[in-house]
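Chain by chain, the residues:
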Number of protein chains: 2
Amino acid sequence: MSESYKGISTQNYIAQLSIDCVIFGYQNGTLNVLVPKLNFQGDFWGLPSGFIYQHEDVDQAAKRILEDRTQMKDIYLEQFHVFGNANRNNAEFMSSLLAQNPQLQGSKEEYDWFVRRFVSIGYYALVDIKKVKPQTTPIDERMEWVDINQLPNLLLDGKEIIAKALQALRANFDDHLVGYNLLPETFTMKELQKLYETIFDKPFRRNNFQKMMLDLNILDRLEKQFTGAANKAPYLYKFKEI
Amino acid sequence: MSESYKGISTQNYIAQLSIDCVIFGYQNGTLNVLVPKLNFQGDFWGLPSGFIYQHEDVDQAAKRILEDRTQMKDIYLEQFHVFGNANRNNAEFMSSLLAQNPQLQGSKEEYDWFVRRFVSIGYYALVDIKKVKPQTTPIDERMEWVDINQLPNLLLDGKEIIAKALQALRANFDDHLVGYNLLPETFTMKELQKLYETIFDKPFRRNNFQKMMLDLNILDRLEKQFTGAANKAPYLYKFKEI
């Protein structure tokens, strides 16, 4: 179980400020996000989230929450936007949720801020799905990878947060060459093209795509192994060491 | 005097969360930021900043603070980053500042959060310097436009915030065509080139620059007035209506 929800008190945490993580993973031509189904009557889903300790850097808090939820280290993580509308208030839902989860209950003062409006700092992460071991918190029933085109019933502005994360991912994709976080170590040009087509939700022409990638000068082409069948196998590439 | 510092209490504001504005203005080939010299012994400068009312959208708070400080409406404003290191703590300075400014003093409970670490949401604004009427707050001695290459002694991570704002401005500059916020309504190609050279801190070749701008298809060229001298005057351009 995740550590993220231990001791929710204003002595420990900055009040009314949270972190929401959009954890992207790519598999078989689908871009997925890792989301918890909440341990609450009805079909409610959230984003992996948490709070910031009084003596903790915000970026460090995001890293902690993410590592906690995935059991992975050194994840690619990018702060992308703050969500702070005055109506980000979940008082009714949060009150019920607290009532159902005795382990979250404390003195009224300790939890007063918990039912107020939250300003939330969005981070997106890029992970290799195969390496993630999803961890639940006391308020989760389970965690699931879901296709970003088939999102479940997300609380509050969850869908807006995911949409904005995708927008930021696209804007960063070429500049920061972050694609390697979503692929195995070696891959074919066709697999790389499929990843781009999935992220940008549009087709690329094969020749143009190959030229664009080679012009970026970020790929190393591996030598083919000399075997009888290898001649017909496509070249494998990997990202250059930076 | 600005309204931004009235009634600083956790009843009114979200604790430990602030907004910092980087207000960019362009004049005579120089990119400037509008910064307050603080009303405090020594040479301390800040950024125009403020807090978020409990029932106010974060974006709205940024707009309010900015309008309050510039007496301008409809300013181009963009959220760009959150600054949340654990050492963003100004307790000593803030305590002295409160002691020097009786109008800021209240009960200890009301101001306790004021000397803790602040997480600050950065917004940058692009304004026409000639239209701004800088307003001070009770903690400011005066406001000044300063060249971003000759910044004064900024408190805390002020320089980092400005550097990050400039980075975000550059990243957005072509995509969002925000340059028009920094220029008069009509301008010559040479003036536009000078703006780009100032923002990106590098020279452009005249022919390449003109071609790049015309290819973007964002400019309207105005017809020259037919006068004897006009033939030698350069063409004037303006940005297309969107």
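Owing to the predicted nature of the structure, the values given are computational and were not obtained by experimental measurement.

Caption draft 1: How the structure looks around the side chain of B:Glu67. All names here are of chain B. In this fold, Glu67 is placed in helix H1 (residues 58-70). Residue Glu67 is classed as buried on the basis of its relative accessible area of 14%. Of note is the side chain of Glu67, whose polar atom sits 3.2 Å from the side chain of Lys73. Filtering out sequence-adjacent residues up to four positions away, Glu67 remains in contact with Met72, Lys73 and Asp74.

Caption draft 2: Structural detail: the interface of chain B and chain A. Tallying the contact residues gives 22 residues for chain B and 22 residues for chain A. Each partner contributes to the roughly 1700 Å² buried at the junction of chain B and chain A, and carbon and sulfur atoms together form 47% of this total. On the chain B side of the contact with chain A, B:Gln79, B:Val82 and B:Arg117 bury the most area, a combined 26% of that side's loss. There are zero salt bridges connecting chain B and chain A. Remark: the boundary between chain B and chain A carries 16 residue pairs in polar contact (both at pLDDT 80 or more).

Caption draft 3: Just the environment of A:Asp147, in detail. All names here are of chain A. Mapped onto the elements, Asp147 comes out in strand E6 (residues 140-147). Between the C-alpha atoms of Asp147 and Leu31, which are 116 residues apart in sequence, the distance is 5.9 Å. Setting aside anything within four residues of it in sequence, one finds Asp147 in contact with Thr30, Leu31 and Asn32. At 2.8 Å, the side chain of Asp147 forms a polar contact with the backbone nitrogen of Asn149.

Caption draft 4: The packing of helix H5 (residues 189-200) of chain A against helix H6 (residues 206-216) of chain A, seen in detail. Residues and elements named next belong to chain A. Remark: H5 packs on H6, axes separated minimally by 11 Å, with the N-to-C direction vectors making an angle of 95°. With respect to H6, the element H5 is oriented roughly perpendicular. Of H6, the residues touching H5 (which contributes Met189, Leu192, Gln193 and Tyr196) are Arg206, Phe209, Gln210, Met213 and Leu214. Classifying every residue of the contact of H5 with H6 by side-chain character gives six nonpolar, two polar and one charged.

Caption draft 5: Region of interest: the relation of the copies chain B and chain A. Once chain B has been moved 0.1 Å along the axis and rotated by 180°, it coincides with chain A to within an RMSD of 0.0 Å. Taken together, these values place the two copies in the relation of a two-fold axis. Looking at chain B, 100% of its interface residues are interface residues in chain A too, so the copies touch through the same face.

Caption draft 6: How the structure looks around the pattern of salt bridges. For the coordinates displayed, the defined rule picks out 22 salt bridges over all chains. Residues A:Lys130 and A:Asp128 are paired through a salt bridge, measuring 3.8 Å at the closest nitrogen-oxygen approach. Notably, a salt bridge pairs B:Arg69 with B:Asp140, separated by 3.5 Å at the nearest N-O pair. Within this pair, whereas B:Arg69 is found in helix H1, its partner B:Asp140 is found in strand E6 (residues 140-147), the two being separated by 71 residues in sequence. Within the structure, one salt-bridge network assembled from shared partners comprises A:Lys37, A:Glu141, A:Arg142 and A:Glu144.

Caption draft 7: Highlighting the packing of aromatic side chains. This structure, assessed with the given rule, holds 25 aromatic pairs over all chains. Both rings, one in B:Tyr13 and one in B:Tyr53, keep their centres 4.8 Å apart while their planes meet at 15°; by these two values the pair is stacked. Here the residue B:Tyr13 occupies a position in strand E1 (residues 13-27), and B:Tyr53 occupies one in strand E3 (residues 49-53), the gap between them amounting to 40 residues. Each member of the aromatic cluster is reached from another via a ring pair, and the members are A:Phe24, A:Tyr76, A:Phe80, A:Phe83 and A:Tyr124. The lysine or arginine in question, A:Arg221, covers the ring of A:Tyr235, its NZ or CZ lying 3.6 Å from the ring centre.

Cut-offs used in this document
Residues numbered from 1 in each chain as written. Chains lettered and ligands numbered in written order. Predicted model: local features only at pLDDT ≥ 70, side-chain atom pairs only at ≥ 80, totals over all residues. Heavy atoms only, no water. Helix = DSSP H or I, 4+ residues; strand = E, 2+ residues; numbered from the N terminus. Buried < 20%, exposed > 50% of the residue type's maximum accessible area, 1.4 Å probe, protein only. Polar contact = N/O pair within 3.5 Å; in protein donor to acceptor, adjacent residues only side chain to side chain. Contact = heavy atoms within 4.5 Å. Buried area = accessible area lost by both parts, 1.4 Å probe. Salt bridge = Lys/Arg side-chain N within 4 Å of Asp/Glu carboxyl O. Axes fitted to C-alpha atoms, helices over the stretch in contact; angles between N-to-C directions. Parallel < 35°, antiparallel > 145°, perpendicular 65-115°, else oblique. Nonpolar A, V, L, I, M, F, W, Y, C, P; charged D, E, K, R; others polar. Least-squares fit on C-alpha atoms with pLDDT ≥ 70 in both. Phe/Tyr/Trp six-rings, centres within 6.5 Å; stacked < 30°, edge-to-face > 60°. Lys NZ or Arg CZ within 6 Å of the ring centre and 35° of its normal.

What is shown is where atoms sit, not what they do.
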